[in-house]
Amino acid sequence: MKGSFGALVARGLWRALSDRTAIIGGLLAVTVLAVAGPAASFNVFASGADTATRAAKLRLYGWNYTSSFDFLMVALGFALGANQIAGDIKAGTLFGILARPVSRGKVFLAGWSVSALLLVGLEIPRSAFLIGTVSWLEGRLDPLHLLGALAVVSGAWLALASLGTVLTPTYAILAGLLGVIAGNLAFHQEIRIGAWMLDTVGVLLPLPWGQERIVGDALTGASSHAGPIVEVIAYRLAWTALLLFLGSLAFSRRDIAPRV
Amino acid sequence: MSATAPVIADQLGKDFREGFLMRKKSALESVSFTIQEGEIFGFLGPNGAGKSTTLHVLVGFLRPSRGRALVAGRSPQEPEARRFLGFLPEVFAFDRFATGRGLLRRFDALSDRPVEGRDERVRDALEAVGMEEAASRRIGTYSKGMMQRIGLAQALLGDPDLLILDEPMSGMDPATRHSTRKVLCARRERGKTTLLSSHILADVEEVADRVLILDRGRKVAEGPIAELGEARAGAVVFRDHDPARFDPDLAPLGLSREAVPGEPDLGILRTADASAKNAALALLAAGGADIVSVTPQRAGLEEIFLELTATKVTKGTDLGARSEGEGEAS
C-alpha cells in the first residue's frame, strides 16, 4: 500500500498494537486457538483410526470445537480496529489527520482495513494448523477447505462492515430496508439468486444459518461442490463492499469537529 | 495555489442541533470575508462568538448550513483544498506513543508528499518551533507548552501556503510566543497567508495586517487595526484662560470638554466625528483659544475589541459564564 491510505493503515495497526489491552486480548485469543487445535487433534490421533478417517475427524472436530471463536474474532477485531475512529474522535487525535488532504472515505476504509487485517492475523493460527495438518494427513490440499476458511474470514469482514455502518444509523437503516425488500422479492419469485437474497435480511446479523451450513460443509468436508461456498464468499464480499461504501459516504457527510 | 484568494467566506452560516428535542441553534450568521494572499488575518471574538466554528468550516470538519466557503478556490470538503493548508486546532491530541519526529513523518506521509525531502521538511518544522532536542521523545511525556509547539510544527509542516491557527499561543512561554510571531512574520515575507485566531490580543495586534471581530456569530468589524482605531478617536487639546466658556457652544456638537488635572488652562476634546472636530477647531480659533495639538488617537486592539464586544460585560453579563454555555459552538 502506498500514499496516504497506506500511511493511515500503518498508523492504525501501530496504534491498535500499541494498546496494552489489545495485545493481551489478542494473545489470549491466539493462545486459546493454539490449545484448542492440538486438543481436538489429540483425540483424533489417539483414536487409532486410519489416516483418512483421522483427517476427516480432524476437520470435523477442529472447526466445530473452535467455532465460537468466530464471534470472539469479530468482537476482538472491532475492539482493536474499527472502534479506533470513535476512539480517535474522543481522544482528539483524528483532527490532525482530517486536516490533511485525505478523504474521509479513506479514513473510514483504513479503519475497517486495520480490523480486517487484524482478523486475518487472528485467524491464521487456526486455519494454518487445521488446513496444514489435514493436508499433511491426506497428502493433498483440498481447495474447499481453503475456501471454507476464506468464507469464515469474509463473514467476519462482513460483520465488521455491518458494525461500522451501524455507527452511521441512517445508512444502516437503509441497508436493512434494502435487504428486506431484496429478500422478499427473491422469496416470492423463487429465482436462483433467491438463496443469496433471502439472506440479505440477515445483513445486520452477518452469519445467517443458511450460509453457515454451506460454510460448515466446506470446512468439515461434507460437501465436494465448490459452487455454493464460492457463492457465499461472493455474497459476503459484495455486501461488505456495499456496507463499506454506505459507511464511508455517511462518514464523509458527518460534522466532526473538536469540542472546544 | 490558484490565483484566487486563499480564503473566501460568503454569507457563511452554521446551525447546530442541541438537546433531546434537537433544537436548532445558530452559531454563525451570514459571515463574509476574504483573506488575501500573503496577509496575516486576525480572527477575534469572545468565547462562543463562532470563531472556531468558522475555522472548522474552513478546514472541512463542518459543513456550512448556509452560504459557502472556499479555500484555495475549492470547497473545504475536497481533500485537494487541504493540500496547501496547515491547521492547528484549539483542542487537539496526538498519539501518545509516537515521538514528535515520528508524528511529523506520519503527517507528512498523510499529505501524500514524496519520501524524498521528508527528513528536511520534518527538520524545518521542528526547527521553526524549537523542538529539535525533544523530537525523539514520546509525545506522552511532553509538557503543555511542548504539545502546543509540536502542534504548531505539524501545522507548519511542508511550509503550507495557508496556515490556520486556533489559539496557537495558548500555554506558550513569552520567548516561544515571540519566536512564533517571528515565524508568522517570516511567512508573510515569503507571501504565505495566515489566519490567526487568538485571545491574546497583543499578539494579534503585533502581527496582523487585518482583523475580523465576531460576536455572537455575527461580524461586527473588519479591517486593518489602524483604520479601526482611527475611526474611533481623535483628540483636540486647547489652551484658554477660561476653557469652560466654550462648553455651551461645544455641547450642540456632541462634544464635552475634559479637564486636565493641575492644568486649569487646558481642555481636551475627544471625538471620532471629523466634522465635529473641524467645527470645534473653528469655534475655538474664533473664540481666541490656543490650539495646542490635534492628535489622531488610535485606539489599541484591546480597546476596539472591548468597545465592539464588551457591552455584555458592562450590562453585567459574565463572558466566562457565557462561554461555558456556548463553548461547543465557538
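Each remark here, short or long, concerns the structure printed above.
These numbers were taken from a predicted model, which means no experiment stands behind them.

Focus: the interface of chain A and chain B
In this assembly, 30 residues from chain A lie in contact with 33 residues from chain B. When the two sides are added together, the surface that chain A and chain B hide from each other amounts to roughly 2800 Å², 57% of it contributed by carbon and sulfur. Our enumeration of links across chain A and chain B arrives at three salt bridges. Where Lys-14 of chain B meets Asp-255 of chain A, a salt bridge forms, and the shortest distance between an N and an O atom there is 2.5 Å. Applying the counting rule to chain A against chain B returns twelve residue pairs in polar contact (both at pLDDT 80 or more).

Here's the deal with the environment of Leu-255 of chain B
All names here are of chain B. With respect to the secondary-structure elements, Leu-255 resides in the loop between helix H8 (247-250) and strand S11 (258-260). For Leu-255 and Ala-280, which are 25 residues apart along the polypeptide, the C-alpha to C-alpha distance reads 8.3 Å. What Leu-255 contacts, discounting residues up to four positions off in sequence, is Leu-250, Leu-269, Arg-270, Thr-271, Ala-276 and Ala-280.

Details of the environment of Leu-8 of chain A
Structurally, Leu-8 of chain A is set in helix H1 (residues 3-17). Sequence spacing of Leu-8 of chain A and Ser-154 of chain A is 146 residues, and the spatial spacing of their C-alpha atoms is 22 Å. In this structure Leu-8 of chain A touches Ile-97, Val-102, Lys-106, Val-107 and Ala-110 of chain A together with Leu-110 of chain B, once residues within four positions along its chain are discounted.

Comments concerning the nonpolar core
Core analysis: the largest hydrophobic core is formed by 127 residues, its most contacted members being Phe-33, Ile-150 and Ile-164 of chain B. No other element matches the 13 residues that helix H7 (residues 104-138) of chain A contributes to this core. Every residue in contact with Phe-33 of chain B, bar those within four places of it in the chain, is listed here: Val-7, Ile-8, Ala-9, Phe-41, Phe-43, Thr-54, Leu-58, Leu-212 and Glu-222 of chain B. If you look at the next biggest cluster of nonpolar residues, it comprises nine residues, including Phe-246, Leu-250, Leu-269 and Ala-289 of chain B.

Observations concerning H1 of chain A
With 15 residues, H1 of chain A should cover 21 Å at 1.5 Å per step; its first-to-last C-alpha distance of 21 Å lies within 8% of that length. For H1 of chain A, every residue scored as buried is listed here: Ser-4, Gly-6, Ala-7, Leu-8, Val-9, Arg-11, Gly-12 and Ala-16 of chain A.

A few points about the packing of helix H3 (residues 51-65) of chain A against H7 of chain A
All names here are of chain A. Between H3 and H7, the shortest axis-to-axis distance is 8 Å and the interhelical angle comes to 165°. In terms of orientation, H3 and H7 fall into the roughly antiparallel class. Here the hand of the crossing between H3 and H7 comes out left-handed. Every residue of H7 that contacts H3 at Thr-51, Arg-54, Ala-55, Leu-58, Arg-59, Gly-62 and Trp-63 is listed here: Glu-123, Arg-126, Ser-127, Leu-130, Thr-133, Val-134, Leu-137 and Glu-138. For the contact of H3 with H7, the per-class residue count stands at six nonpolar, four polar and five charged.

Focus on the sheet that holds strand S4 (residues 66-71) of chain B
Residues and elements named next belong to chain B. Read across the sheet, three strands follow the order S2-S1-S4 without closing on themselves; strand pairing throughout is antiparallel. In this open sheet, the two edge strands, each paired with only one partner strand, are strand S2 (23-35) and S4. Going across the sheet, the axis of each strand differs from the next one's by a mean of 30°, ignoring polarity. Note: strand S1 (residues 7-18) against S2, nine bridges, orientation antiparallel. Within the sheet, the bridge partner assigned to Asp-15 lies in S2 and is Ser-26.

Looking at the packing of aromatic side chains
Under the defined criterion, the tally for this structure stands at ten aromatic pairs over all chains. With a centroid separation of 5.5 Å and 55° between ring planes, the pair formed by Phe-33 of chain B and Phe-43 of chain B is classed as tilted. Here Phe-43 of chain B lies in strand S3 (residues 40-44) and Phe-33 of chain B lies in strand S2, a separation of ten residues in the sequence. Aromatic pair Phe-92 of chain B and Phe-94 of chain B: ring centres 5.1 Å apart, planes at 40°, arrangement tilted. Accessibility assignment for this pair places Phe-92 of chain B and Phe-94 of chain B in one class, buried. Following the ring pairs from residue to residue traces out a cluster consisting of Phe-95 of chain A together with Phe-61 and Phe-87 of chain B. Of note, Arg-100 of chain A hangs over the ring of Phe-107 of chain B, and the distance from its end group to the ring centre comes to 4.5 Å. Directly above the ring of Phe-251 of chain A sits Arg-104 of chain A, whose terminal nitrogen or CZ lies 5.9 Å from the centroid.

Calculation criteria
- Residues numbered from 1 in each chain as written.
- Chains lettered and ligands numbered in written order.
- Predicted model: local features only at pLDDT ≥ 70, side-chain atom pairs only at ≥ 80, totals over all residues.
- Heavy atoms only, no water.
- Contact = heavy atoms within 4.5 Å.
- Buried area = accessible area lost by both parts, 1.4 Å probe.
- Salt bridge = Lys/Arg side-chain N within 4 Å of Asp/Glu carboxyl O.
- Polar contact = N/O pair within 3.5 Å; in protein donor to acceptor, adjacent residues only side chain to side chain.
- Helix = DSSP H or I, 4+ residues; strand = E, 2+ residues; numbered from the N terminus.
- Core = buried A, V, L, I, M, F, W, Y, C linked by side-chain atoms within 4.5 Å.
- Buried < 20%, exposed > 50% of the residue type's maximum accessible area, 1.4 Å probe, protein only.
- Expected span 1.5 Å × (residues − 1).
- Axes fitted to C-alpha atoms, helices over the stretch in contact; angles between N-to-C directions.
- Parallel < 35°, antiparallel > 145°, perpendicular 65-115°, else oblique.
- Left-handed = near helix turned anticlockwise from the far one by under 90°.
- Nonpolar A, V, L, I, M, F, W, Y, C, P; charged D, E, K, R; others polar.
- Pairing = 2+ DSSP bridges.
- Phe/Tyr/Trp six-rings, centres within 6.5 Å; stacked < 30°, edge-to-face > 60°.
- Lys NZ or Arg CZ within 6 Å of the ring centre and 35° of its normal.

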